[in-house]
Amino acid sequence: MSHRKAQNLEIDNLDIQILSILMKNATTPYTEIAKELIVSGGTIHVRMKKLEEMGVIKGASLEVDPQKLGYDITAFLGIYLEKGSQYNEAVKQLKTIKEIVELHYTTGEWSIFAKIVCHDTTHLREVLNEQIQGVRGIQRTETFISLEESIRRQITLE
């Protein structure tokens with residue numbers, strides 16, 4: 001475990017076990033976690049509060065299936081900026097586009113790599129042409145449509 005940055009943050013094996021359980025199912029009651037790990041419910045509560053204060057836990061969210069909500073297209077965009085100095089302004093504008101669900105500042109060929117979800121190819125074209133291409137500083141984009149998501153997971157702690 002010495003290679004883990006987590007150790008520098010005063011995270012012990014119990015914290016890792018708690019996180020592992022909740023990363024598999026965030027709705028697991030603290031009492032159930034306590035029973036499984038043979039500690040008190042209060043201990044789980046205190047540890048969770050500590051992990052939140054340390055910034056290890058950023059929050060909890062509900063995961064939905066975009067396809068079941070009518071978003072049939074997932075695409076990835078390589079975004080070329082005219083100048084790297086335009087990144088902050090471009091991100092500010094891109095944040096207003098609700099179809100963008102992830103955005104990364106990258107090295108390599110593109111300045112920005114984005115994941116977007118759209119209802120269909122017509123919607124994708126509208127988002128690309130009418131919203132993303134209109135962002136100041138974006139020179140051009142390259143689009144990759146996902147045919148299937150084969151792996152989606154959190155990091156493994158154990």
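Keep in mind that this is a model prediction, so the values were computed, not measured.

**So, the confidence of the model for the chain**
- Looking at the chain, pLDDT values average 91 and 94% of them are 70 or higher.
- Below pLDDT 50 for its whole length, residues 1–7 participates in 8 contacts with residues either more than four positions away or in separate chains.

**Some words on the packing of helix α1 (residues 13–24) against helix α2 (residues 30–37)**
- For the pair α1 and α2, interaxial distance at closest approach is 11 Å and the crossing angle is 130 degrees. One way to sum up the angle between α1 and α2 is to call them oblique. Of the two possible hands of crossing, α1 and α2 adopt the one that is right-handed. Listed contacts from α2 to Leu-14, Gln-17, Ile-18, Ile-21 and Leu-22 of α1 are Tyr-30, Ile-33, Glu-36 and Leu-37.

**Details of the packing of aromatic side chains**
- Inspection of the entire model under this criterion finds 4 aromatic pairs.
- Here the aromatic rings of Phe-76 and Phe-113 are separated by 6.0 Å at their centres, their planes lie at 10 degrees, and the arrangement is stacked. One end of the pair, Phe-76, is in strand β1 (residues 73–81); the other, Phe-113, is in strand β3 (residues 112–118), and 37 residues separate them in sequence.
- According to the relative accessible area criterion, Phe-113 is partly exposed, its value standing at 24%.
- Their ring planes at 20 degrees and their centres at 3.7 Å tell us that Tyr-87 and Tyr-105 sit as a pair that is stacked. Note that Tyr-87 is positioned in helix α4 (residues 87–94) and Tyr-105 in strand β2 (residues 100–105), a separation of 18 residues in sequence.

The rules we used
Residues numbered from 1 in each chain as written. Predicted model: local features only at pLDDT ≥ 70, side-chain atom pairs only at ≥ 80, totals over all residues. Heavy atoms only, no water. pLDDT = per-residue confidence, 0-100. Contact = heavy atoms within 4.5 Å. Axes fitted to C-alpha atoms, helices over the stretch in contact; angles between N-to-C directions. Helix = DSSP H or I, 4+ residues; strand = E, 2+ residues; numbered from the N terminus. Parallel < 35°, antiparallel > 145°, perpendicular 65-115°, else oblique. Left-handed = near helix turned anticlockwise from the far one by under 90°. Phe/Tyr/Trp six-rings, centres within 6.5 Å; stacked < 30°, edge-to-face > 60°. Buried < 20%, exposed > 50% of the residue type's maximum accessible area, 1.4 Å probe, protein only.

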